[in-house]
Amino acid sequence: MTAEPLLSVSHLSLRIQDHTILKDISLEVQAGEVVGLIGPNGSGKTTLFNVLSGFLKPTKGTVCLCGEDITHLSAPLRARKGIGRVFQDFGIFRDMTLLENILVAFESLTTDERRKIGDLRSATQETLAMVQLQHFAKKKAGSLSGGQMRLLEIARTFKGNKSLLLLDEPTAGVSPKMTHQIADLIRSLRREGRTVLIIEHDLPFIAKICDRIIVLDVGEVALEGSPSEVQSSKKLKEIYFGADPTT
Ligand SMILES: Nc1ncnc2c1ncn2[C@@H]1O[C@H](COP(=O)(O)OP(=O)(O)OP(=O)(O)O)[C@@H](O)[C@H]1O
Ligand SMILES: [Mg+2]
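Residues numbered from 1 in each chain as written. Chains lettered and ligands numbered in written order. Predicted model: local features only at pLDDT ≥ 70, side-chain atom pairs only at ≥ 80, totals over all residues. Heavy atoms only, no water.

Draft legend 1. Inspection of the pattern of salt bridges at higher detail. Following the criterion strictly, the structure yields seven salt bridges and no others. Here E33 and R212 are joined by a salt bridge, their closest N and O atoms 2.8 Å apart. A residue pair is termed long-range when its members are at least 10 positions apart, and E33 in the loop between β2 (19-29) and β3 (34-38) and R212 in strand β9 (residues 212-217) qualify at 179 residues. In terms of burial, E33 and R212 fall into one category: buried. Note that R190 is salt-bridged to D211, the shortest N-O span being 2.8 Å. Of this pair, R190 sits in helix α7 (residues 176-191) while D211 sits in the loop between α8 (203-209) and β9; the two residues are 21 residues apart in sequence, bridging distant segments of the chain. Using a relative accessible area of 35% as the deciding quantity, one classes D211 as partly exposed. Linked by salt bridges that have partners in common, E33, R212 and E224 make up one network. (Salt bridge = Lys/Arg side-chain N within 4 Å of Asp/Glu carboxyl O. Helix = DSSP H or I, 4+ residues; strand = E, 2+ residues; numbered from the N terminus. Buried < 20%, exposed > 50% of the residue type's maximum accessible area, 1.4 Å probe, protein only.)

Draft legend 2. Highlighting helix α10 (residues 234-241). Sitting at the head of α10, S233 places a side-chain oxygen 3.0 Å from the backbone nitrogen of K235. After α10 finishes, the residue G242 shows a positive phi value of roughly 85 degrees. (Polar contact = N/O pair within 3.5 Å; in protein donor to acceptor, adjacent residues only side chain to side chain.)

Draft legend 3. Quick peek at the layout of surface pockets. Estimated volume of the largest pocket: approximately 600 Å³. The wall of the largest pocket is formed by 23 residues, among which A79, I83, G84, R85 and K162 lie closest to the centre. Contributions of two or more residues to the lining of the largest pocket are made by α2 (75-80), β6 (83-86), α3 (98-107) and α6 (146-159). Ranked by the residues each element gives to the lining of the largest pocket, the list is headed by α2, at five residues. A class-by-class count of the residues in the lining of the largest pocket yields nine nonpolar, eight polar and six charged. The space that makes up the second largest pocket amounts to roughly 300 Å³. If you go around the second largest pocket, you meet 15 residues; those closest to its centre are F158, K159, G160, E192 and R194. At the level of elements, α4 (111-117), α6 and α7 are the ones that each hand at least two residues to the lining of the second largest pocket. Each residue belonging to the lining of the second largest pocket can be placed in one class, and the counts come to six nonpolar, three polar and six charged. (1 Å grid on protein atoms, 1.4 Å probe; cavity = no way out; pocket = protein on both sides within 12 Å on 5 of 7 lines; lining within 4 Å. Points joined across faces, edges and corners; volume = space filled by probe spheres on them. Nonpolar A, V, L, I, M, F, W, Y, C, P; charged D, E, K, R; others polar.)

Draft legend 4. Fine view of the sheet that holds strand β8 (residues 195-199). If you trace the six strands from one edge of the open sheet to the other, you get β6-β7-β8-β3-β9-β10, paired in mixed fashion. A single partner strand is all that each edge strand has here, and the edge strands are β6 and β10 (220-225). Going from strand to strand, the sheet's axes swing by 20 degrees on average, the running direction of each strand aside. As paired strands, β9 and β10 are joined by five bridges and run antiparallel to one another. Bridged to I214 within β10 is E224. Contacts between α6 and the sheet are confined to β6 and β7 (164-168), with β6 contributing the most and set at about 170 degrees to the helix. With respect to the sheet, α10 is in contact with β3, β9 and β10, its orientation differing from that of β10 by roughly 145 degrees. (Pairing = 2+ DSSP bridges. Axes fitted to C-alpha atoms, helices over the stretch in contact; angles between N-to-C directions. Contact = heavy atoms within 4.5 Å.)

Draft legend 5. Fine view of the site of ligand 1. Around ligand 1, 13 residues are found, and the nearest of them are N41, G42, K45, T46 and T47. In this structure, S43 approaches ligand 1 through a main-chain N or O atom, which is 3.2 Å from an oxygen atom. At 2.8 Å, a side-chain N or O of K45 approaches an oxygen atom of ligand 1. Calculation on ligand 1 without its partners gives an accessible area of 640 Å², and the protein chains cover 60% of this total. If one sorts the elements of the shell around ligand 1 by residue count, helix α1 (residues 45-53) sits on top with three residues. The residue inventory of the shell around ligand 1, partitioned by class, reads three nonpolar, eight polar and two charged. (Near = heavy atom within 4 Å. Areas by Shrake-Rupley, 256 points an atom, 1.4 Å probe, with all protein chains shown as cover.)

This is the structure in structure tokens:
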């Protein structure tokens, strides 16, 4: 008997006006897996995250979380059921301090979960230290650089109680040193048993941290496999660079 997938997407399509943006997408993510979602610009990755997190309703198909059909649930209800998201463009509160931004994440925890954390103030400082932003704790988030804002958003998402994390280009605009740190954070999430679906353009990065990679091309699942299978696939090269006329 195979375990029920944490996330199950079945025959999902999305049309906006006359454009088909997602075409008959079916995929499964098992609990505890770290899955990479890659594909050329405009292939539908962020749109798929919008459908998974409830910001867009699909034209056809279903999204199930732990076997429950959540296709018609609103984004806030899905968040309550355990779907957390890091946005491609920042979702942080610019007028709040860094400390306050992290405290917002703790607010989504249950009383029991909060009790386990203990002193919220030191837990907040520790969270900021994870991404080396502890010295800016009392600054307004809007005063951070682009890369620092992304790190703050990642730290905030990591501290919530979400079981499925959707990370949209978490390393975009982040220096190589911090990229390593983000990779370590994702590995620690896996150790905690959380499930991560991550969009990235950096293939070596994704290959290092993912169990499996799914490739989207013009709104369809074009390829799926282990990092080594996908990296060595001729089809991947065709998707990114076009078919080689000499072969
Ligand atoms: N609300 C919308 N209305 C019309 N077209 C849209 C809408 N949202 C997305 N699209 C189109 O859908 C396609 C997929 O966009 P999406 O943002 O999902 O791509 P992506 O794979 O995330 O690309 P990138 O790697 O550049 O972030 C694009 O052609 C985009 O213009
Ligand atoms: Mg995108």
